[in-house]
Amino acid sequence: MNSFLFYQSLVNSLVLAMIIILVALGLNLVFGIMNIVNLAHGELYMLGAYSLWWFHIKAEVPYFTGLILAVLAVGIFAVLLEKLVFKSLRGQTLAGLLVSIGLILALQTSAILLFGEQPRGVPAPEILKGVIRVSNISISKERFAVIIVCSICLFLVYLFINRSRIGKAVQAVAQDPDAAALQGISIDFISTLVMGLGGGMAAVAGCLMGTINPITSTVGAQPLLEALVVIVLGGLGSIPGTIVGGMIIGLTKGFVGTFFTNTIASISVYSILFIFLIVRPAGIFGRD
Amino acid sequence: MKSVPWVILLVGIVLFPLTGDIHWTRVLIEIFMWITVSLGFRLILTAGQINLAQIAFMGLGGYAVAILTTKLGLNYWPSLLIAVGSTAVFALGIGYISLRTKGIHFALATFAVAEIVRLIWIEWKSLFGGVGGIPNIPPPNSVLGIQFGNVISYYYFAFIMVIFSMAVMYRIERSRFGMALLIFEHTEDLAQSVGIDCFRYKNIAFVIGSSFAGLAGGFFAAFFHYVGSEDFTIHQTFYVLIYVLTGGIQSFYGTLLGVSSLIICLKMIHHIPGFNPVWEPLFLGCTLLAVMKFLPGGLISLPGRLSLERFKLDLKRGERIAGD
């Protein structure tokens, strides 16, 4: 393998991995707290991308202000979803799964009715146009921005979960909801918070990818599936597992995609999910 | 005399194509096809396992018929048998591996299988025709002097298919095997301890359920003369799941009720002015949310629930009278 192709694939994999980790982390946090695998998480990603398009193109807000507004809007929407739909299903994994399937259908079609059937695109702002070159490896600035923004988000979430008081409460609820409740932690509040946080992270990923790829109503399906692979791989509810799993999936997709086709890359990613579910359902970092 | 309305309904369904209404005859054919798929889906659901690959098995049946008839020039009927058989064998393999997992893990494993199978259809162009699918599937050869050309012949083909699958399900539901499946969701360990081989039972249920999907897929190929990867996406599995849950899973009559009422509703939506195809998934998604929230037992539980409500009401009234 020549080294140029190798480094180029590595950079591409890193971009893919960052997006997947950001989506998977939200999904996994929600699972850790509420015991619900929210299949409609990909729809929050999709709504993030559409909201950025709406704010930036329709309402003509500057790009970065639009991005923040889009993330806030989706975060609030996720909080509403938690309050109205998922709150009563906390702890019921299968019922949560079924309800989220209903949400997928409802949200995808609502997005078509709201934002139109044709694919939408958000042009990158001036500052993100062009290419960065290091020796002969090139990366477009918008993709480089994905790596930077996602890293910052992940770092902030890490600080929040491990250093802040509320973050510790989140960990406590994930470990033992009853004991946490006895210590005076409001599980309702933590659930809402985590759902909003997860929705916000999915929206960040959606906005960044919406700047690179066209936005359609089904754009959330692939990141969702990959995020599912990641959380099974890393262990349901495990944060370090999510990051390691995301890296593995990003690398697989990046390298297989470069040397074969994107379809074969996706097939290998889902095969990893299938194999892991059979061999080690608890995942790399999960507790049995 | 209780069975009189049912007999009238049955005779009505049998004689329906004679009215010459092509549109509604086609709708009924679709209903029969989806009932077959949904009954298979429900069988493994009663054991507490959500099989999100059901549509992939239907697609396998369809593609098998398509390949055997167009590429190998085989007769339709032996192709259908081979298609159902190969779907069953594939399901046995998948089930043997993935039925060791439970609940959410099983749902995700079958989700992965469905996606892998769909992507292989797209990627392997020489065999499965890629995104374009396989067109020009010949109509079934005539049997007993019946030519397959018009809608009526397909109607009776589908009718026999659905009667067959209902008969199988009826037998299963009243057998020891069917009752054993019902208890797995809650007390698998207990079942195991009294000597029921849960893994084997689930495997059998999974293979039977998937074969039904393969059968319906073989019918799909003949009826539409075309199979393509777009016809067998995960969304179609979601629809099947919504039909089954809306009907209620306690009894297979619930599945019949769910499939027929929802498909008829979907066709009614078409007549609303300003119809947009995206209303269909929107309607089904909202139906699922509403059913999960307000009617967890599905439509089939409605009569019992209503009489329970009336009973409670009577009780309250009785108390009030007693209070006076």
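Analysis parameters
- Residues numbered from 1 in each chain as written.
- Chains lettered and ligands numbered in written order.
- Predicted model: local features only at pLDDT ≥ 70, side-chain atom pairs only at ≥ 80, totals over all residues.
- Helix = DSSP H or I, 4+ residues; strand = E, 2+ residues; numbered from the N terminus.
- Rg over C-alpha atoms; globule rule 2.2 N^0.38 Å.
- Buried ≥ 20, exposed ≤ 12 C-beta atoms within 10 Å, placed from the backbone.
- Contact = placed C-beta atoms within 7 Å.
- Axes fitted to C-alpha atoms, helices over the stretch in contact; angles between N-to-C directions.
- Left-handed = near helix turned anticlockwise from the far one by under 90°.
- Nonpolar A, V, L, I, M, F, W, Y, C, P; charged D, E, K, R; others polar.
- Expected span 1.5 Å × (residues − 1).
- Core = buried A, V, L, I, M, F, W, Y, C linked by C-beta atoms within 7 Å.
- Pairing = 2+ DSSP bridges.
- Parallel < 35°, antiparallel > 145°, perpendicular 65-115°, else oblique.

Trainee: Where do I start with the overall build of chain A in this structure?
Mentor: Each helix and strand in chain A was counted, giving 11 helices and 2 strands. Walking chain A from its N terminus toward its C terminus, one meets helices and strands in the order α-α-α-α-β-β-α-α-α-α-α-α-α. For 288 residues, the compact-globule estimate of 2.2 N^0.38 gives 19 Å, and chain A sits close to it at 19 Å. On the principal axes, the C-alpha backbone points of chain A span a range of 60 × 45 × 35 Å. For chain A, the proportion of its 288 residues judged to be buried stands at 52%. A separation threshold of at least 6 residues defines the contact pool for chain A, and within that pool the share at least 24 residues apart is 75%.

Trainee: Before we go on, may I ask you to explain the packing of helix H4 (residues 76-98) of chain B against helix H9 (residues 198-224) of chain B in this structure?
Mentor: Each pair of packed helices gets described by two things: the angle between the helix axes and the distance between those axes. Residues and elements named next belong to chain B. Axis separation between H4 and H9 bottoms out at 8 Å; the angle between their running directions is 145°. The chirality of how H4 crosses H9 is right-handed. For the pair formed by H4 and H9, the contact residues are Tyr76, Leu80, Ala83, Val84, Thr87, Ala88, Ala91, Leu92, Gly95 and Tyr96 on the first element and Asn203, Phe206, Val207, Ser210, Ser211, Ala213, Gly214, Leu215, Gly218 and Ala222 on the second. Here the residues of the contact of H4 with H9 sort into 13 nonpolar, 7 polar and no charged.

Trainee: Help me out: how do you make sense of helix H9 (residues 221-234) of chain A in this one?
Mentor: Residue and element names in this part refer to chain A. Compared with the 20 Å implied by 1.5 Å per residue over 14 residues, the 20 Å span of H9 between its first and last C-alpha is a close match. Burial analysis of H9 places 13 of its 14 residues in the buried class, the great majority of the element. Note on H9: the residue one or two positions beyond its end, Gly235, has a positive phi of about 110°.

Trainee: Please explain the environment of Ala205 of chain B as it appears in this structure.
Mentor: Relative to the elements of secondary structure, Ala205 of chain B occurs in helix H9. Beyond its immediate sequence surroundings of up to four residues, Ala205 of chain B is in contact with Leu43, Ile44, Ala47 and Leu181 of chain B.

Trainee: Is there a simple way to explain the interface of chain B and chain A in this structure?
Mentor: It is common to give the size of an interface as the accessible area lost on bringing the parts into contact. Across the contact, 31 residues belong to chain B and 31 residues belong to chain A. The set of elements that each furnish at least two residues to the side of chain B that touches chain A consists of H4, helix H5 (103-123), helix H10 (234-247) and helix H12 (279-294) of chain B. Classifying every residue of the side of chain B that touches chain A gives 23 nonpolar, 5 polar and 3 charged.

Trainee: I would appreciate a short explanation of the nonpolar core in the present structure.
Mentor: What tends to happen in soluble globular proteins is that the nonpolar side chains get buried as a cluster. Residue and element names in this part refer to chain A. Counting residues in hydrophobic clusters, the biggest one holds 195 residues, and the most contacted among them are Ile19 and Leu22. With 18 residues, the top contributor of residues to this core is helix H1 (residues 3-34). Those residues in contact with Leu22 that lie beyond four places of it in its chain are Cys150, Cys153, Met201, Val204 and Ala205.

Trainee: Please explain the pairing of strand S2 (residues 137-140) of chain A as it appears in this structure.
Mentor: In summary, the side chains of a regular strand alternate between the two faces of the sheet. Residues and elements named next belong to chain A. Here 4 bridges tie strand S1 (residues 131-134) to S2, and the two strands are oriented antiparallel to one another. Its bridge partner being in S2, Val134 is matched across the sheet by Ile137. Connecting the antiparallel pair S1 and S2 is a turn made up of 2 residues, with Ser135 showing a positive phi of about 45°.

Trainee: Would you mind going over the packing of helix H2 (residues 41-58) of chain A against helix H4 (residues 93-115) of chain A with me for this structure?
Mentor: Residues and elements named next belong to chain A. Remark: H2 packs on H4, axes separated minimally by 10 Å, with the N-to-C direction vectors making an angle of 15°. For the element pair H2 / H4, the angle class is roughly parallel. Crossing geometry of H2 relative to H4 is assigned as left-handed. Across from Glu43, Met46, Leu47, Tyr50 and Trp54 in H2, the residues of H4 making contact are Leu103, Ile104, Leu107, Gln108, Ala111 and Phe115. Taken together, the residues that form the contact of H2 with H4 break down as 9 nonpolar, 1 polar and 1 charged.

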